[in-house]
Amino acid sequence: MNILIFIMLIFFGLGLIDCITGRHMGLADGFERGIAQTGSLCMSIVGIYCIGITVVRQNIESVAALFEKLPFDGSIITSMILAPDLGGYPLALEIAASPELIVFSGFLLSGGLGCLISFQLPIALVMIKKEHTNEMMQGFVPGIIAIPAGLLAGGIMLSMDIRVMLINMVPVLVVCLILAFGAVKFPKGIQKVLSAFGTGIRYLSMILSAVVLIGLFYEPWQLAPSDLVKEALVISVKIAVVVCGGLALSDFILNHCRGVIRTAALKLGINQFAMVGLVLSLTSGIAMLPLFEKMDHRGRLMNAAFSVMGAYVFGGQMAFVAGLTTTKNLLIYMAGKLISGILALVVVWLMDKTRKSAKGPVEECVHTK
């Protein structure tokens, strides 16, 4: 067990104790939010995980023949459009040509670009107000631009062959440029396309999960081996436990580190709602969305940018990765995400500072409530 999971388990236990003993520690709300997500996690993961692996294994020769014609690894394609727990990792596990590429595409790439397209963006567009949609899309641009930096750093830490890494980054760079250009020039069109795709993935995952779970009781519907279903269910439960611990940890930070949050907000030139959003994003990019309307302009841009790659570093996605790989690979995954996330914040800060300088001196107000 790695130290990060151990910390999450401690806060899982503290959250449970707080629920039982009267909610005096301020951790019960986060713990209960995590418990409430258990069902949706299961429905999101089990179907695509089981059926994705089963289908690829049953058609491995056809899949291999199809991807052999590509100049880059076939796992790059699936990982650019699917989050790790929505099919990105299990498909990379079956398709990728080397253990390094499994981590590179199945965790790093899938945890950034794949998660943005299939999960983060569709949910964000539903949860935030329409008047803030353009700011969300503007913020995504620096986040998308910063993705290659995290991938490059991750590839170097994985000791990947430089030529192999650069070849596999070419399609990623192309897609990132297209998305960034589209978000700036055709924001509504990009919103509609990606929202439809992400919503379709979510509905498909739920339908497949329902079929797989019913197959445990009704044999004619058993589309995946029962041992694979049990494996997916165990992964789902592990993720739920870590999410509970992560949300309880977030509550602890917010309750006991207000001074640090206030200071960090002043340093970044954002209000405290935006700073809290960045902290919450470390466990879940969705957790910061209810605060989005209370943030200032720079804060909204920073939260959107950071959520592309920097979110979920300590949340369910991290638990998913931790349960499937070594501590070293987990740390590489986390480092790659944080490098891109922090770079995205720097880009937003510089762009916003340049914009304000071009307009002349303005009075900046950082809320302290």
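What counts, and where the lines are drawn
- Residues numbered from 1 in each chain as written.
- Predicted model: local features only at pLDDT ≥ 70, side-chain atom pairs only at ≥ 80, totals over all residues.
- Heavy atoms only, no water.
- Helix = DSSP H or I, 4+ residues; strand = E, 2+ residues; numbered from the N terminus.
- Polar contact = N/O pair within 3.5 Å; in protein donor to acceptor, adjacent residues only side chain to side chain.
- Phe/Tyr/Trp six-rings, centres within 6.5 Å; stacked < 30°, edge-to-face > 60°.
- Buried < 20%, exposed > 50% of the residue type's maximum accessible area, 1.4 Å probe, protein only.
- Core = buried A, V, L, I, M, F, W, Y, C linked by side-chain atoms within 4.5 Å.
- Salt bridge = Lys/Arg side-chain N within 4 Å of Asp/Glu carboxyl O.
- Contact = heavy atoms within 4.5 Å.
- Patch = residues over 30% accessible without salt bridge, like charges linked within 9 Å, V, L, I, M, F, W, Y side chains within 5 Å.
- Areas by Shrake-Rupley, 256 points an atom, 1.4 Å probe, with all protein chains shown as cover.
- Axes fitted to C-alpha atoms, helices over the stretch in contact; angles between N-to-C directions.
- Parallel < 35°, antiparallel > 145°, perpendicular 65-115°, else oblique.
- Nonpolar A, V, L, I, M, F, W, Y, C, P; charged D, E, K, R; others polar.

*Asks:* I would appreciate a short explanation of the side chain of Q317 in the present structure.
*Replies:* Among the structural elements, Q317 can be located in helix α16 (residues 316-322). A distance of 2.7 Å separates polar atoms of two side chains, one belonging to Q317 and the other to Y333.

*Asks:* I would appreciate a short explanation of the packing of aromatic side chains in the present structure.
*Replies:* By convention here, two paired aromatic rings are described through the distance between centres and the angle between planes. As enumerated under the stated definition, the model contains 7 aromatic pairs in all. Measuring from centroid to centroid gives 6.0 Å for Y89 and F320, while their planes differ by 85°, and the two rings are edge-to-face. With Y89 in helix α6 (residues 88-95) and F320 in helix α16, the pair connects residues that are 231 residues apart, well separated along the chain. Of the two residues, Y89 and F320, neither departs from the other in class, the shared state being buried.

*Asks:* Whenever I open this one, the nonpolar core confuses me. Can you help?
*Replies:* Ranked by internal contacts, the top residues of the largest apolar core, which has 114 residues, are Y49, C50, F104, L113, F140, L151 and M318. The element contributing the most residues to this core is helix α7 (residues 99-127), with 15 residues.

*Asks:* I would appreciate a short explanation of the pattern of salt bridges in the present structure.
*Replies:* Side-chain pairs of opposite charge can arise where the charged atoms are in close proximity. Enumeration according to the criterion identifies 6 salt bridges in this entry. A salt bridge links R23 to D29, with the shortest nitrogen-to-oxygen separation between them at 2.5 Å. Between E293 and K129 there is a salt bridge whose closest N-O contact spans 3.1 Å. A residue pair is termed long-range when its members are at least 10 positions apart, and E293 in the loop between α14 (272-281) and α15 (297-309) and K129 in the loop between α7 and α8 (133-145) qualify at 164 residues. Owing to a relative accessible area of 41%, E293 belongs among the partly exposed residues under this scheme. For K129, a relative accessible area of 38% corresponds to the partly exposed category.

*Asks:* Hey, could you run me through the environment of H132 in this one?
*Replies:* Within the secondary structure, H132 sits in the loop between α7 and α8. Residue class for H132 comes out buried when judged on its relative accessible area of 11%. Separated by 165 residues in the primary sequence, H132 and H297 place their C-alpha atoms 9.5 Å from one another. Once you skip the residues sitting within four places of it in the chain, H132 turns out to touch F292, E293 and R300.

*Asks:* Can you help me understand the environment of L228 in this one?
*Replies:* Structurally, L228 can be placed in helix α12 (residues 226-256). Residues in contact with L228, not counting those within four places in the same chain, are Y49, C50, I53 and T54.

*Asks:* What is the right way to read a nonpolar patch on the surface from this model?
*Replies:* Where nonpolar side chains cluster on the molecular surface, the patch consists of I214, L216, F217, Y218 and W221 and spans about 580 Å² of accessible area. With respect to the helices, strands and loops of the structure, L216 is situated in the loop between α11 (187-215) and α12.

*Asks:* Would you explain the packing of α7 against α15 in this entry?
*Replies:* Geometrically, a packed helix pair is captured by the angle between its two axes and the distance between the axes. At a minimum axis separation of 7 Å, α7 and α15 run at an interaxial angle of 125°. Classified by the interaxial angle, the pair formed by α7 and α15 is oblique. In contact with L108, G111, G112, L116 and Q120 of α7, α15 contributes S307, V308 and M309. Among the residues making up the contact of α7 with α15, the classes are represented as 4 nonpolar, 4 polar and no charged.

*Asks:* Before we go on, may I ask you to explain the side chain of S105 in this structure?
*Replies:* Among the secondary structure elements, S105 is positioned in helix α7. Residue classification places S105 among the buried residues on the basis of a relative accessible area of 0%. Engagement of the side chain of S105 in a polar contact is seen with the backbone oxygen of L101, the distance being 2.7 Å. For S105, the contacting residues outside a window of four places in its chain are S75, I76, S79, A92 and S110.

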